[in-house]
Amino acid sequence: MNKRHISVLMIALVALLSGCDQSAQDPNVVLSESHEDPIEALEMISDVDRSQFGYKQTFYVPIYSDIYTDRDNRKVLLSATLSVRNTTLTKPLYVNKIDYYDTGGTLIKSYLHSPIKLPAMATLNYIVEKEEDKGGSGANFIIEVEGVDETVKPVIEAVMIGNFSNKGFAFSTEGTPVIP
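Because the structure is a prediction, the values reported are computed rather than measured. Each chain has its residues counted from 1, running along the sequence as written. Per-residue local features are limited, in this predicted model, to residues with pLDDT of at least 70; the limit for side-chain atom pairs, both in listing and counting, is 80 or more; totals at the level of whole chains, interfaces and linings are taken over all residues. Based on all heavy atoms of the structure, the side-chain values leave hydrogens and waters out of the count.

### Observations concerning the overall build of the protein
Here is step 1 of the chain: What counts as a helix is a DSSP run of H or I of at least four residues, what counts as a strand is a run of E of at least two, and both are numbered from the N terminus. Looking only at helices and strands, the protein features four helices and 12 strands.
Here is step 2 of the chain: Relative accessibility thresholds used throughout: buried, under 20% of the residue-type maximum; exposed, over 50%; partly exposed, between the two (1.4 Å probe, protein chains only). The buried share among the 180 residues of the protein stands at 36%.
Here is step 3 of the chain: In this description, contact between two residues means that some pair of their heavy atoms is separated by no more than 4.5 Å. Across the protein, every contact between residues at least 6 apart in sequence was considered, and the portion connecting residues at least 24 apart equals 76%.
Here is step 4 of the chain: Per element, the accessible surface of the protein, about 11,100 Å² overall, is 55% carbon and sulfur. Throughout, the Shrake-Rupley method with a 1.4 Å probe supplies accessible areas, and for residues the shown protein chains are the sole cover considered.

### Brief notes about the side chain of Thr173
Here is step 1 of the chain: Turning to its location among the elements, Thr173 is positioned in strand S11 (residues 167-174).
Here is step 2 of the chain: What Thr173 contacts, discounting residues up to four positions off in sequence, is Val61, Pro62, Tyr64, Ile156, Glu157, Ala158 and Met160.

### Observations regarding the sheet that holds strand S8 (residues 123-128)
Here is step 1 of the chain: Pairing in this open sheet of four strands is antiparallel, and the strands run S8-S4-S10-S11 from one edge to the other. Only two strands of the sheet have a single partner each, and these edge strands are S8 and S11. The mean angle between the axes of side-by-side strands here comes to 15 degrees, regardless of whether they run parallel or antiparallel.
Here is step 2 of the chain: Any two strands with at least two DSSP-identified bridges between them are counted as paired. Note: strand S10 (residues 154-164) against S11, eight bridges, orientation antiparallel. The partner of Val159 across the bridge, within S11, is Ser172. To get an axis, a line is fitted to the C-alpha atoms, and for a helix only the part in contact is used. The angle between two axes follows their N-to-C directions and goes from 0 to 180 degrees.

### A few points about unusual backbone geometry
Here is step 1 of the chain: With a phi angle near 65 degrees, Met121 is a residue other than glycine that sits in the positive phi range.
Here is step 2 of the chain: Along the polypeptide, Met121 turns up in the loop between strand S7 (116-118) and S8.
Here is step 3 of the chain: Overall, Met121 belongs to the partly exposed group, its relative accessible area being 49%.

### Looking at the nonpolar core
Here is step 1 of the chain: Residues belong to one nonpolar core when they are buried, are Ala, Val, Leu, Ile, Met, Phe, Trp, Tyr or Cys, and are joined through side-chain atoms within 4.5 Å. Counting 30 residues, the largest nonpolar core has Ile63, Val84, Val95, Ile98, Phe141 and Ile143 as the members making the most contacts within it.
Here is step 2 of the chain: Elements supplying a minimum of two residues to this core: strand S1 (55-62), strand S4 (79-86), strand S5 (93-101), S7, S8, strand S9 (140-147) and S10.
Here is step 3 of the chain: Ignoring any residue separated from it by four or fewer positions in sequence, one finds Ile143 in contact with Gln57, Thr58, Phe59, Val61, Leu82, Val84, Val95, Lys97, Ile98 and Ile156.

### Quick look at the confidence of the model for the protein
Here is step 1 of the chain: Residue-level confidence of the predictor, termed pLDDT, takes values from 0 up to 100. In this model, the protein carries a mean pLDDT of 80, and residues with pLDDT of at least 70 account for 73%.
Here is step 2 of the chain: Long-range and interchain partners of residues 5-23, a stretch whose pLDDT sits below 50, account for five contacts in this model, where long-range means more than four residues apart.

Take a look at the structure:
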């Protein structure tokens, strides 16, 4: 190989490796205003006095990483947006857990290291990319929230989008309280 070929290969290798930075390609980072992971950006540094809390609830949120079409049982991958909304006008909502499970009930990822304080009327959105197919058709999130009283109940939803052939589609699911 001559020096020109080696130079071209080195440039291609550098370009390829520079494209492997996950944070640069993560839509949660790219689409946020601060270019940070929205969950990590909201994680609290200091402890919260939970002795004043009167509301705690765990929610199950169905997520479809893929669905099957009616033709040849072809699997279509979907992207999903998880949305946790604080519906109160004045009180914060605390999110203690965001865990992602696959169809078989195996934990894929725990998204929180520390609780999140979601201010009044604020929303946390998190994108599960179309290429992330580990969850399968029965994937789900388990989300645990806390607040000062029963008025701090959140709205938790997921919106899935995809396309097949020349057709696009979207649908949503709602978080369901888990009864202990």
